[in-house]
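Here is how the chains run, residue by residue.
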Amino acid sequence: MYQRFPLPHMVQQPAVSQSPQQASMLQSHPQQSQPRQQAAEMERIYSLVQDLSNPASSEARQEALLELSKGRESVQNLAPLIWHSFGTVAALVQEVVDIYPYVNPPTLTATQSNRVCNALALLQCIASHPETRSLFLEAHIPLFLYPFLHTTTKSRPFEYLRLTSLGVIGALVKTDDSDVTNFLLSTEIVPLCLRIMEIGSELSKTVATFILQKILSDPIGLSYICHTYERFSHVAMILGKMVSSLGKEPSARLLKHVVRCYLCLSDNPRAKEALRQCLPEQLRDNTFAMYLKEDNSTKRWLSTLLKNLNLPDPGLSEPRNLVLS
């Protein structure tokens, strides 16, 4: 989905030539050749996984990180294979820790960012898999990513690092698992997401807002955020700033998650009363009417939010004060 930084000195594998007789045999017996090709591919995957924990060759590990991260969606049960392979997860964590000295002071290069993000992509694969997700949490591996979320440098290598780290957390919250919510609430993920929602790029803001939305959609998370006025007011303040910013630089996908956050908050009685007073004016009028016409889901969520708050729904007329980027 996201463009990667080029990795230098990548070794291209030589093409394996086939004799005319071999090619003819493969064409005439496709059902026989397919299992062989699958077996050969799995052998290649096993070899790459072994290379991840090979301390003797940094180049072999770098190539394995690249190849496995590129093919992680197509390899069935790659996550359990990585998790249960001796030393492999420790090697991925080591890749993360090795970057810490380049985070503060901020000297991270594009090549370093690309390499660690390939490791993070494999950690995201583990976080997404139902067999390894709970093990991933029990090992507290997400905590190793938090130093990256603390960064504020806006250069491309750092932005890519933050975005990929958020992707790992996003993979966890997609499951709607209360164990995940409980774990995240025991850490500093909420204030970290709020800061990224305020100062990050559009993509980082979108993923951070999605994480907050998933936390709020869990009754445990909603109760946590609304337990004190300070927590609620901080969330409401950041969401209000985002709505104001979206009025100047619209983003339909970001608006969707912001509206969902407000809708989740409206399910709490104390938050509902406060939102009647502090819901941004742009969500009460037709500022985003142009985008709501194109997004029926967000339109419906906003209408439900206004109904929950006993506020008038302006319907869809011409947008007011909308600055197009």
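Remember, predicted model here, so these are calculated numbers, not experimental data.

Q: Can you help me understand the overall build of the chain in this one?
A: Counting its secondary structure elements, the chain contains 19 helices and 0 strands. A burial count over the chain gives 47% of its 325 residues as buried. Counting only carbon and sulfur atoms, one obtains 52% of the accessible surface of the chain, whose full area is about 16,800 Å².

Q: Where do I start with the nonpolar core in this structure?
A: Looking at soluble globular proteins, one finds that nonpolar side chains tend to be buried together. By size, the foremost hydrophobic cluster in this structure holds 95 residues, and its most contacted members are Ile189 and Leu265. Looking at this core element by element, the count peaks at 10 residues for helix 10 (residues 156-173). Residue contacts for Ile189: discarding those within four places in its chain leaves Tyr146, Leu149, Ile169, Leu184, Ile211 and Ile215.

Q: How should I be thinking about the pattern of salt bridges in this particular structure?
A: Between side chains of opposite charge, pairing is possible as soon as their charged atoms come close. Per the stated rule, a full pass over the model turns up 10 salt bridges. The salt bridge involving Glu202 is made with Arg253; its shortest N-O contact spans 3.3 Å. With Glu202 in helix 13 (residues 202-217) and Arg253 in helix 16 (residues 252-265), this residue pair connects regions lying 51 residues apart in the sequence. Taking the relative accessible area as the measure of exposure, Glu202 reaches 38% and is therefore partly exposed. In this structure, Arg276 engages Glu273 in a salt bridge whose closest nitrogen and oxygen atoms are separated by 2.3 Å. One end of the pair is Arg276 and the other is Glu273, both in helix 17 (residues 269-278) and 3 residues apart, which spans about a single turn.

Q: Where do I start with the packing of aromatic side chains in this structure?
A: Two descriptors summarise a pair of aromatic rings, namely the distance from one centre to the other and the angle between the planes of the rings. Under the criterion given, the structure shown has 1 aromatic pair. Stacked on the ring of Tyr224, the Lys or Arg Arg231 has its end atom at 3.9 Å from the ring centre. Above the ring of Trp301, the side-chain terminus of Arg260 is found at 4.5 Å from the ring centroid.

Q: In this structure, what is going on with unusual backbone geometry? I would like to understand it.
A: Residues apart from glycine generally show negative phi values, whereas peptide bonds are mostly found in trans. Here the amide bond leading from Asn104 into Pro105 is cis, since omega sits at 0°, within 30 degrees of zero. Even without being a glycine, Asn310 presents a positive backbone phi close to 55°. Accessibility expressed as a relative area gives 60% for Asn310, which makes it exposed.

Q: Looking at this structure, how should I read the side chain of Arg162?
A: By the element assignment, Arg162 lies in helix 10. Arg162 gets classed as buried once you look at its relative accessible area, which sits at 4%. Within polar-contact distance, the side chain of Arg162 engages the backbone oxygen of Thr153 at 2.7 Å. Excluding residues within four positions of it along the chain, Arg162 makes contact with Phe148, Leu149, Thr151, Thr152, Thr153 and Lys154.

Q: Whenever I open this one, the environment of Ser297 confuses me. Can you help?
A: Tracing the backbone shows Ser297 in helix 19 (residues 296-308). A residue is classified by how much of its surface remains accessible, and Ser297, at 28% relative accessible area, is partly exposed. For the pair Ser297 and Lys256, spaced 41 residues apart in the sequence, the C-alpha separation amounts to 8.2 Å.

Criteria and thresholds
- Residues numbered from 1 in each chain as written.
- Predicted model: local features only at pLDDT ≥ 70, side-chain atom pairs only at ≥ 80, totals over all residues.
- Heavy atoms only, no water.
- Helix = DSSP H or I, 4+ residues; strand = E, 2+ residues; numbered from the N terminus.
- Buried < 20%, exposed > 50% of the residue type's maximum accessible area, 1.4 Å probe, protein only.
- Areas by Shrake-Rupley, 256 points an atom, 1.4 Å probe, with all protein chains shown as cover.
- Core = buried A, V, L, I, M, F, W, Y, C linked by side-chain atoms within 4.5 Å.
- Contact = heavy atoms within 4.5 Å.
- Salt bridge = Lys/Arg side-chain N within 4 Å of Asp/Glu carboxyl O.
- Phe/Tyr/Trp six-rings, centres within 6.5 Å; stacked < 30°, edge-to-face > 60°.
- Lys NZ or Arg CZ within 6 Å of the ring centre and 35° of its normal.
- Polar contact = N/O pair within 3.5 Å; in protein donor to acceptor, adjacent residues only side chain to side chain.

So, to be careful, I would describe these as geometric facts and stop short of saying anything about function.
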